[in-house]
Amino acid sequence: MNWDDAPHEDGSTGPHGPDDPYGPGLGATDGAGAADRLVGAAAGDEDQAVEAALRPKSLHEFVGQERVREQLDLVLTAARARGATADHVLLSGAPGLGKTTLSMIIAAEMQAPIRITSGPAIQHAGDLAAILSSLHEGEVLFLDEIHRMSRPAEEMLYMAMEDFRVDVIVGKGPGATAIPLELPPFTLVGATTRAGLLPPPLRDRFGFTAHMEFYDPAELERVIHRSAQLLDVEIEADGAAEIAGRSRGTPRIANRLLRRVRDYAQVKADGVITREVAALALGVYEVDGRGLDRLDRAVLQALLKLFGGGPVGLSTLAVAVGEERETVEEVAEPFLVREGLLARTPRGRVATPAAWAHLGLTPPVQSPGAGGQQGLFGA
């Protein structure tokens, strides 16, 4: 790596990350074609314009993730008592659960500035060297989608995290020289939606690792009430419960649904969000009582009505719903599997009894000893 090739800091380091319920993202997606879904966890343009004001500013204000908050509070309090920089932190979990917000809270609790970038923005070791060399002592570096960094940058990060030093290569070929560059102590906060893709040497260098869980309805109701207050929206308890039940366990989706229901209440009702208003509004946007949208129901209907509940191959199922294979696999399936409506088997996708019940359909009666839909020659 040539130091002359290292770029200056640019717009790739912005004030928000892609997997945060309270703020915008850096081009995040949760699958092909997912950006325009009302129940998609990716941060869209409207999220970027509206939700920045909804961010909690401290661990005390942060809703949910009780175990993570308790553990993180101990880590940060101990670091402040020692007058030391906090250990490196790795946050993993699905998009929309608050990883970027927690990184900002870490910086606020440590009374330190924060620098934000993402793995895809660091394509060369020089990109990372330029950022690391400009950090100040105690500063927090938030690296979103850390598993998508290039391998040379990843290897440079090992030494920077452990020894607060990077080796800058000057020149090329036999005459190249490695110049060690000392770095001030800093805290790296890494975020990933796919922790399994991180190499063990990188995971081992984080002093604290936390996994963000999906929220239960009661926690989402608290998120919705807090957001409604900040947005100056009048909402009743049963209205918040109705929105929470359709939010797929994700605060970002809850906030997005709240804004759509607010619009409906202002136009079609008296501005107050009740259970009835919330249900009617989300019916207009095709989000049903379990949080399934048009794509989710299309996948289930094709699986049940066309293929008798399966098993059916992913490509065949994608053709049946008129979507790309990747869209069905990455956008629709994860939530359907988590809800227990669909199962992945070696023979293909299979609907569960809960799927038949949810769509109000009766499963076909199988002959005694039948093990599901049979393939060619009974295979």
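Residues numbered from 1 in each chain as written. Predicted model: local features only at pLDDT ≥ 70, side-chain atom pairs only at ≥ 80, totals over all residues. Heavy atoms only, no water.

### Regarding the packing of helix H12 (residues 314-321) against helix H13 (residues 325-338)
Reasoning step 1: Packing of H12 against H13 brings their axes to within 8 Å, and their N-to-C directions diverge by 90°. What the angle tells us is that H12 and H13 run roughly perpendicular. Side by side, H12 and H13 meet where Leu314, Ser315, Leu317, Ala318 and Val321 of the first sit next to Arg325, Val328, Glu329 and Glu333 of the second.
Reasoning step 2: By residue class, the composition of the contact of H12 with H13 is 5 nonpolar, 1 polar and 3 charged. (Axes fitted to C-alpha atoms, helices over the stretch in contact; angles between N-to-C directions. Helix = DSSP H or I, 4+ residues; strand = E, 2+ residues; numbered from the N terminus. Parallel < 35°, antiparallel > 145°, perpendicular 65-115°, else oblique. Contact = heavy atoms within 4.5 Å. Nonpolar A, V, L, I, M, F, W, Y, C, P; charged D, E, K, R; others polar.)

### What to know about the nonpolar core
Reasoning step 1: Leu72, Leu102, Ile224, Ile235, Ile243 and Ile273 are the most contacted members of the largest nonpolar core, which has 48 residues in total.
Reasoning step 2: Among the elements that make up this core, the one with the highest residue count is helix H9 (residues 251-268) (7 residues).
Reasoning step 3: Residue contacts for Leu102: discarding those within four places in its chain leaves Leu59, Phe62, Val68, Leu72, Leu91 and Met212.
Reasoning step 4: Ranked by size, the runner-up nonpolar core spans 26 residues in total, among them Leu141, Ile146, Met161 and Phe186. (Core = buried A, V, L, I, M, F, W, Y, C linked by side-chain atoms within 4.5 Å. Buried < 20%, exposed > 50% of the residue type's maximum accessible area, 1.4 Å probe, protein only.)

### Notes on the environment of Thr193
Reasoning step 1: Note on placement: Thr193 falls in the loop between strand S6 (187-192) and helix H6 (200-203).
Reasoning step 2: Sequence separation of Thr193 and Leu91 is 102 residues, and the distance between their C-alpha atoms is 8.6 Å.

### Some details on the packing of aromatic side chains
Reasoning step 1: Enumeration over the complete set of coordinates arrives at 1 aromatic pair.
Reasoning step 2: Residues Phe164 and Phe186 carry aromatic rings whose centres are separated by 5.5 Å and whose planes lie at 80° to one another, so their mutual orientation is edge-to-face. Residue Phe164 is located in the loop between helix H5 (151-163) and strand S4 (165-170), and its partner Phe186 is located in the loop between strand S5 (177-182) and S6; the two are separated by 22 residues in the primary sequence.
Reasoning step 3: Given the relative accessible area of 23%, Phe164 is considered partly exposed.
Reasoning step 4: Exposure remark for Phe186: the relative accessible area of 1% places this residue in the buried category.
Reasoning step 5: Over the aromatic face of Phe335 sits the side chain of Arg248, whose NZ or CZ is 3.8 Å from the ring centroid.
Reasoning step 6: Between the NZ or CZ atom of Arg338 and the centre of the ring of Phe214, over which it lies, the distance is 3.6 Å. (Phe/Tyr/Trp six-rings, centres within 6.5 Å; stacked < 30°, edge-to-face > 60°. Lys NZ or Arg CZ within 6 Å of the ring centre and 35° of its normal.)

### Describing the sheet that holds strand S3 (residues 140-144)
Reasoning step 1: If you trace the 5 strands from one edge of the open sheet to the other, you get S2-S3-S6-S1-S7, paired in parallel fashion. Pairing within the sheet leaves two strands with one partner each, and these edge strands are strand S2 (114-118) and strand S7 (208-211). Across the sheet, the axes of successive neighbouring strands diverge by a mean angle of 15°, strand direction being ignored.
Reasoning step 2: As paired strands, S2 and S3 are joined by 5 bridges and run parallel to one another. (Pairing = 2+ DSSP bridges.)

### Concerning the packing of helix H11 (residues 294-306) against H13
Reasoning step 1: Between H11 and H13, whose axes approach to 10 Å, the crossing angle comes to 90°. With respect to H13, the element H11 is oriented roughly perpendicular. For the pair H11 and H13, the contacting residues are Leu295, Asp296, Val299 and Leu300 in the first and Thr327, Val328, Val331, Ala332 and Leu336 in the second.
Reasoning step 2: Tallied by class, residues from the contact of H11 with H13 come to 7 nonpolar, 1 polar and 1 charged.

### Some details on the pairing of S2
Reasoning step 1: Of all 5 residues in S2, 4 are buried, a share of seventy percent or more.
Reasoning step 2: Taken together, S2, helix H4 (residues 125-133) and S3 constitute a β-α-β crossover, and its handedness is right-handed. (Right-handed = clockwise from strand over helix to strand, strands pointing away.)

### Here's the deal with helix H3 (residues 99-109)
Because an α-helix packs 3.6 residues into every turn, residues spaced three or four apart end up facing the same way.
Reasoning step 1: The buried count for H3 comes to 9 of 11 residues, which makes it a mostly enclosed element.
Reasoning step 2: Taken residue by residue, H3 has Lys99, Thr100, Thr101, Leu102, Ser103, Ile105, Ile106, Ala107 and Glu109 as its buried positions.
Reasoning step 3: On its buried side, H3 packs onto helix H2 (66-82), strand S1 (89-92), S2, S3 and S6.
Reasoning step 4: Within two residues after H3, Gln111 carries a phi angle of roughly 55°, on the positive side.

### Let's talk about the pairing of S3
Reasoning step 1: Most of S3 sits inside the fold, with 5 of its 5 residues counted as buried.
Reasoning step 2: Sheet topology places S3 next to S6; 4 bridges connect them, and they run parallel. Residue pairing for S6: Val140 is matched across the bridge by Thr187.

### Brief notes about the pattern of salt bridges
Reasoning step 1: Tallying each qualifying case throughout the model produces 17 salt bridges.
Reasoning step 2: Linking Arg246 and Glu242 is a salt bridge whose minimum nitrogen-to-oxygen distance equals 2.6 Å.
Reasoning step 3: For Arg246, a relative accessible area of 9% gives the class buried.
Reasoning step 4: Judged by relative accessible area, Glu242 falls into the buried class, the value being 14%.
Reasoning step 5: Members of the salt-bridge network, linked through shared partners, are Glu66, Arg69 and Arg222. (Salt bridge = Lys/Arg side-chain N within 4 Å of Asp/Glu carboxyl O.)

### What about the side chain of Thr187?
Reasoning step 1: Structurally, the position occupied by Thr187 is in strand S6.
Reasoning step 2: The contact partners of Thr187, leaving out residues within four places of it in the chain, are Thr85, Ala86, Asp87, His88, Glu139, Val140 and Leu141.

Bear in mind that shape data such as this cannot, by itself, settle questions of function.
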